[in-house]
2 protein chains.
Amino acid sequence: MTDTNREWVLAERPTGEPDLDCFELRESAVPTPDPGELLVRTRFLSVDPYMRGRMRDAESYAEPWDVGDSLKGGIVGEVVESEHDAYAAGDLVTGEGAWADYATLAADAVAPVDPSVADPEAYLGALGMPGRTAYFGLLEVGEPKPGDTVVVSGAAGAVGSVVGQIAKRNGCRVVGFAGSDEKTAWLTDELGFDAAINYKATDDYHAALESAAPNGVDVYFDNVGGPITDAVFANLNLDARVAVCGQIAHYNDEEVPTGPRKLPQLIAVRARVQGLLVSDFASRFGEASERLGRWVASGELTHRETVVDGLENAPDAFLGLFEGDNIGKQVVRVSPETA
Amino acid sequence: MTDTNREWVLAERPTGEPDLDCFELRESAVPTPDPGELLVRTRFLSVDPYMRGRMRDAESYAEPWDVGDSLKGGIVGEVVESEHDAYAAGDLVTGEGAWADYATLAADAVAPVDPSVADPEAYLGALGMPGRTAYFGLLEVGEPKPGDTVVVSGAAGAVGSVVGQIAKRNGCRVVGFAGSDEKTAWLTDELGFDAAINYKATDDYHAALESAAPNGVDVYFDNVGGPITDAVFANLNLDARVAVCGQIAHYNDEEVPTGPRKLPQLIAVRARVQGLLVSDFASRFGEASERLGRWVASGELTHRETVVDGLENAPDAFLGLFEGDNIGKQVVRVSPETA
């Protein structure tokens with residue numbers, strides 16, 4: 001163990017698309033855990049689209065970061081020093097921590113990582129916040145019924161890939177939008193999607209959707225927004241449910257974006273459109289973790305992580321989310337497994 | 001009773017804003033009721049914004065009218081000839097009938113009109129489809145709770161005026177948007193709205209709304225769409241509910257209208273937006289009619305009808321809806337009370 005720590009701080013707020021100037025890697029001392037805390041050496045950290053919102057100077061569900069603040073998010077790490085009985089040095093845990101080599105975390109705010117269930121990085125994806133978002137968003141907001149057609153945007157991402165697989169378990173026809181042939185092939189060939197549309201290879205989303213979802217759309221799980229969403233809204237069935245989980249197409253907009261109005265379309269089909277935030281389901285996280293863990297351990301739920309190596313590359317990994325660089329969950333490997 | 005009947009037919013489909021060329025008054029024979037039917041002399045007929053949708057050549061919840069078809073809607077009439085035991089000549093009934101002097105209606109599809117409860121024309125408004133729409137739309141889709149701020153657009157219309165009054169019964173703060181000082185005065189002085197905004201007298205809906213609803217919006221009952229709705233969406237509270245009942249600002253649009261995208265706003269507040277059609281609540285119409293009737297009879301629920309005289313003026317009354325000519329329910333008086 002070294003004496004020095006590195007951590008990423010917000011150097012400036014982005015205007016429009018963020019770039020590397022927004023981030024600064026600072027050296028600091030390795031923190032000392034207080035009673036009840038753990039000192040953790042970061043193995044993997046998570047970069048997520050929602051973090052773009054925390055870079056704005058505006059109150060939202062996640063507190064905005066101030067310039068100079070440490071960036072934070074999901075991490076998986078190894079306990080180096082424990083000031084809590086429940087954990088010992090060498091344990092793997094996951095929780096919310098700094099983008100840093102080392103971080104202190106409250107022991108009662110972390111969960112154990114079981115490498116016999118899945119590789120530790122999966123605890124930032126299918127077994128972490130994205131998996132729980134998919135689980136509750138699809139089942140509680142989307143309310144899929146057997147025979148429904150479920151459409152997912154950002155389908156090859158950390159959330160979308162789990163949404164589609166749970167929808168298949170529920171007896172639905174599943175159609176995904178994704179941004180490359182490699183992604184769409186993964187969706188149909190490995191995840192069991194019934195159809196997948198490479199939106200970068202067509203300029204007629206309406207036609208592509210009508211072909212892939214000829215019976216219309218009963219559930220739409222939206223991670224993206226923009227023209228894909230416009231096409232899906234034009235094909236909603238009676239009593240359709242729309243879970244608005246993310247709108248990555250708009251996160252870098254500086255002005256309120258405009259597009260086709262959707263409310264007039266909702267009346268005839270009585271569709272329900274609902275914003276989704278996984279923290280609303282916190283009291284049931286145990287249920288989701290237990291089921292997702294079982295499905296992952298048995299191989300019934302496929303997961304995938306795109307790994308960028310090195311803490312120094314965390315901002316690049318974050319920026320790559322907006323380019324669709326990732327398949328499955330984008331993580332950053334901060335330190336190797338100890339031998 | 002005369003031998004000739006007059007009825008309005010769709011002469012041509014409107015493009016954009018309808019005009020009088022879309023309507024043709026035809027003479028026809030007074031129809032003869034089949035067994036189980038009633039011949040009814042129309043006293044009042046209802047013109048409603050949703051009828052604009054039936055003039056389009058597009059399937060929707062209400063079957064489109066073909067060119068040459070009789071226009072139909074809610075009517076109140078007096079039974080002239082009955083081929084059903086439940087009704088006798090002289091009875092007042094309400095149901096769906098042609099825009100005509102006389103119409104035949106199936107006896108099992110009409111409801112009795114009780115003039116001791118309210119003037120017969122109220123059965124086309126607060127005691128008819130608009131009242132039931134307000135009742136179920138507010139209570140079942142809007143789900144108001146005491147202390148909520150409820151905002152209604154088209155607040156001085158047939159539906160909106162009832163929505164606001166029911167919301168007041170539920171202990172809510174109620175704010176209405178309407179299009180004249182006469183209307184806003186009616187809302188605040190006679191219906192008990194806490195605040196009303198004359199949207200034609202301001203060009204800053206955001207500021208007006210923030211002043212009238214300083215604690216944000218918990219329930220939005222939307223009859224209108226357009227810029228009013230844009231302003232309300234920017235002020236939705238956590239877990240807000242939006243009932244999309246009508247979008248009269250867009251009914252005459254020939255292209256899909258554009259405007260600020262609303263989905264990105266829904267995530268942080270987890271708002272729920274739902275299209276509303278009163279027919280989905282048909283199994284509970286008895287409940288609504290009983291309560292609305294009781295509130296009207298006791299004077300607890302204020303209702304108002306704007307009456308245009310003469311069947312020949314029905315198209316003008318319909319077109320006036322898009323100009324906001326009506327306060328409360330717009331009806332057409334087709335024949336006077338028999339002495």
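Conventions adopted
- Residues numbered from 1 in each chain as written.
- Chains lettered and ligands numbered in written order.
- Predicted model: local features only at pLDDT ≥ 70, side-chain atom pairs only at ≥ 80, totals over all residues.
- Domains from an automatic or database assignment.
- Contact = placed C-beta atoms within 7 Å.
- Nonpolar A, V, L, I, M, F, W, Y, C, P; charged D, E, K, R; others polar.
- Axes fitted to C-alpha atoms, helices over the stretch in contact; angles between N-to-C directions.
- Helix = DSSP H or I, 4+ residues; strand = E, 2+ residues; numbered from the N terminus.
- Parallel < 35°, antiparallel > 145°, perpendicular 65-115°, else oblique.
- Left-handed = near helix turned anticlockwise from the far one by under 90°.
- Pairing = 2+ DSSP bridges.

Considering the domain arrangement of chain A
Residue and element names in this part refer to chain A.
- Each assigned domain of chain A is listed here: domain 1 (4-125 + 303-333) and domain 2 (129-279).
- Distance between the C-alpha centres of domain 1 and domain 2: 28 Å.
- If you look at the interface, domain 1 gives 15 residues, while domain 2 gives 17 residues.
- Partitioned by chemical class, the residues of the side of domain 1 that touches domain 2 number four nonpolar, eight polar and three charged.

Observations regarding the packing of helix 2 (residues 129-142) of chain B against helix 3 (residues 158-169) of chain B
Residue and element names in this part refer to chain B.
- Between helix 2 and helix 3, the least distance of the axes is 8 Å, while the angle of their chain directions is 45 degrees. For the element pair helix 2 / helix 3, the angle class is oblique. As helix 2 packs across helix 3, the resulting crossing turns out to be right-handed. Counting all contacts with helix 2, which are made through Pro130, Gly131, Thr133, Ala134, Tyr135, Gly137 and Leu138, the residues of helix 3 involved are Ala158, Val159, Val162, Val163, Ile166 and Ala167.
- A breakdown of the residues in the contact of helix 2 with helix 3 according to their chemical character gives 10 nonpolar, three polar and no charged.

As for the interface of chain B and chain A
- Taken residue by residue, the interface counts 30 residues in chain B and 30 residues in chain A.
- Elements that contribute at least two residues to the side of chain B that touches chain A include exactly strand 13 (258-260), helix 7 (263-269) and strand 14 (272-275) of chain B.
- Residue contributions to the side of chain B that touches chain A peak at six residues, all from helix 7 of chain B.
- Along the lines of polarity and charge, the residues of the side of chain B that touches chain A split into 15 nonpolar, nine polar and six charged.
- Here three bridges tie strand 13 (residues 258-260) of chain A to strand 13 of chain B, and the two strands are oriented antiparallel to one another. Counterpart to proline 260 of chain A in the pairing with strand 13 of chain B is threonine 258 of chain B.

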